[in-house]
Amino acid sequence: MTVAAPTAPIATTTTTTDVTAQTGEVDNRAAYVSFGFAYVFGHGTSALSQGADPLLGMPGWLPSVLLGIGLAAGTVHATIAAVRAQRGADASDLRSSRLLGLSWVIGFAALFLAITGLTATLDMPELQTTLWPTGAGLVVGLLYLGEGAARRNVLHYSLGTWLALTSTLALFLDAPGLFWVLTIAGGGGYAAAAVLERRRLVAAGHALD
């Protein structure tokens, strides 16, 4: 009677690195660069063209257009990256991602109501020039904190902390100082995050383009 030699069971588990490389990781590099563009060129042109003695004269619409282009591009890139990260994710992860996405809509809707209500109550519409850029930085920073915690992304969490603190710190300054803080601190934060994001993805085993 012949006894069959025992065979080792075929491994069916996937290593943590493989799972990370396939699902759950968000490549934020393109979004960071786009948002950094918005801060440097949008707020930067405001810093150069505002104040009692502006350094440069330029059309009043130019800073808003440059800021809008960067913010729109960053939003598109962030959405695309989040959708790609959901491929192969389980139902729990999908629900978490959708709730995080909804948080952006809720956050900016609340900011709109707060600024509109405050300026109308005080009858000081000129405050919107100060409250929108700083308030947007605060909301984005807080949303990054939530996303970073949910995705266990320390870099994203750290960037959110930096944006939230520097944006509110800028409220202590008048224009153009306020816009210089947003330009240098915000733009510099995004630039540093874009560089460090590649290292984070490599360490996580994420396949880079």
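Residues numbered from 1 in each chain as written. Predicted model: local features only at pLDDT ≥ 70, side-chain atom pairs only at ≥ 80, totals over all residues. Heavy atoms only, no water.

## Some points on the nonpolar core
What counts is decided by this rule: By convention a nonpolar core is built from buried Ala, Val, Leu, Ile, Met, Phe, Trp, Tyr and Cys residues, the set being connected through side-chain atoms within 4.5 Å. Only protein chains enter the accessibility calculation, which uses a 1.4 Å probe; a residue whose area is less than 20% of its type maximum is buried, one above 50% is exposed, and one in between is partly exposed. Think of it this way: any DSSP run of H or I at least four residues long counts as a helix, any run of E at least two long counts as a strand, and we number them from the N terminus.
Counting residues in hydrophobic clusters, the biggest one holds 17 residues, and the most contacted among them are Tyr-32, Tyr-144, Leu-159, Leu-163, Leu-182 and Tyr-190. Residue assignment for this core shows that the elements contributing at least two residues are helix 2 (29-49), helix 5 (128-151), helix 6 (154-169) and helix 7 (177-204). With six residues, helix 7 is the largest single contributor of residues to this core. Formed by five residues, the second largest nonpolar core is a distinct cluster that contains Ile-115, Leu-131, Val-139 and Leu-143.

## Some words on a nonpolar patch on the surface
As a reminder of what qualifies: To count toward a patch, a residue needs a relative accessible area over 30% and no salt bridge; like charges are then connected within 9 Å, while nonpolar side chains (Val, Leu, Ile, Met, Phe, Trp, Tyr) are connected within 5 Å. Residue-level accessible areas treat just the shown protein chains as cover; the underlying method is Shrake-Rupley with a 1.4 Å probe. Note on definitions: salt bridges are taken to be side-chain nitrogens of Lys or Arg within 4 Å of carboxyl oxygens of Asp or Glu.
Among the surface-exposed residues, Phe-37, Val-40, Phe-41, Trp-61, Val-65 and Ile-69 lie close enough to one another that they form a single nonpolar patch of about 550 Å² accessible area. Mapped onto the nonpolar patch, the elements with two or more residues apiece are helix 2 and helix 3 (62-85). Here the element with the most residues in the nonpolar patch is helix 2; it accounts for three residues. In this fold, Ile-69 is placed in helix 3. Given a relative accessible area of 47%, Ile-69 falls into the partly exposed group.

## Structural notes on the packing of helix 5 against helix 6
Put simply, the test is: Only the stretch in contact is used when a helix axis is fitted, and all axes are lines through C-alpha atoms; the angle between N-to-C directions ranges over 0 to 180 degrees. Note that the term roughly parallel is reserved for angles under 35 degrees, roughly antiparallel for angles over 145, roughly perpendicular for angles of 65 to 115, and oblique for everything else. Note: crossing handedness is left-handed where the near helix turns anticlockwise from the far helix by less than a right angle, and right-handed where it turns clockwise. Two residues form a contact once any of their heavy atoms are found within 4.5 Å.
Helix 6 packs onto helix 5 with a crossing angle of 160° between their chain directions and a minimal axis gap of 7 Å. Comparing the axis directions of helix 5 and helix 6 gives the class roughly antiparallel. As helix 5 runs across helix 6, the sense of the crossing is left-handed. Mapping the contact onto sequence places Thr-134, Gly-137, Leu-138, Val-140, Gly-141, Tyr-144, Leu-145, Glu-147, Gly-148 and Ala-149 in helix 5 and His-156, Tyr-157, Leu-159, Gly-160, Thr-161, Leu-163, Ala-164, Ser-167 and Thr-168 in helix 6.

## Here's the deal with the packing of aromatic side chains
Two descriptors summarise a pair of aromatic rings, namely the distance from one centre to the other and the angle between the planes of the rings. In plain terms, the rule: Only Phe, Tyr and Trp rings are paired, with Trp represented by its six-membered ring, and only when their centres lie within 6.5 Å; those with planes under 30 degrees apart are stacked, over 60 edge-to-face, the remainder tilted.
All chains considered together, the criterion is met by seven aromatic pairs. Here the aromatic rings of Tyr-32 and Tyr-190 are separated by 6.1 Å at their centres, their planes lie at 50°, and the arrangement is tilted. One end of the pair, Tyr-32, is in helix 2; the other, Tyr-190, is in helix 7, and 158 residues separate them in sequence. Taken together through their ring pairs, the aromatic side chains of Tyr-32, Phe-35, Tyr-39, Trp-104, Phe-108, Tyr-144 and Tyr-190 make up a single cluster.

## Things to note about the confidence of the model for the chain
Threshold: For every residue, the predictor reports its confidence as pLDDT, a number between 0 and 100.
When pLDDT is averaged along the chain, the result is 84; 87% of the residues meet or exceed 70. Helix 6 holds the highest mean pLDDT among the elements of the chain, 97, whereas helix 1 (residues 16-22) holds the lowest, 37. Across residues 1-23, confidence stays below pLDDT 50; counting only partners more than four residues off in sequence or on other chains, it has 14 contacts.

## Concerning the packing of helix 6 against helix 7
Definition in use: Throughout this entry, Asp, Glu, Lys and Arg are counted as charged residues, while Ala, Val, Leu, Ile, Met, Phe, Trp, Tyr, Cys and Pro are counted as nonpolar. The remaining residues, Gly among them, count as polar.
Close contact between helix 6 and helix 7 brings their axes to 10 Å; oriented N to C, the two are set at 180°. In terms of orientation, helix 6 lies roughly antiparallel with respect to helix 7. Listed contacts from helix 7 to Leu-155, Leu-159, Trp-162, Leu-163, Thr-166 and Ser-167 of helix 6 are Val-181, Leu-182, Ala-185, Gly-186, Gly-189, Tyr-190, Ala-193, Leu-196, Glu-197 and Arg-200. Looking at side-chain class alone, the contact of helix 6 with helix 7 contains ten nonpolar, four polar and two charged residues.

## A short note on the side chain of Glu-147
By the secondary structure assignment, Glu-147 is in helix 5. Apart from residues lying up to four places away in sequence, Glu-147 is in contact with Leu-100, Trp-104 and His-156.

## With respect to the pattern of salt bridges
Scanning the model with the defined rule gives three salt bridges in all. Close ionic contact of Asp-27 with Arg-29 constitutes a salt bridge, the shortest N to O distance being 2.6 Å. Of the charged contacts in the structure, one is a salt bridge between Glu-147 and Arg-151, with a shortest N-O distance of 3.9 Å. You can see Glu-147 and its partner Arg-151 sitting in helix 5, four residues apart, about one turn around the helix. Using a relative accessible area of 8% as the deciding quantity, one classes Glu-147 as buried.

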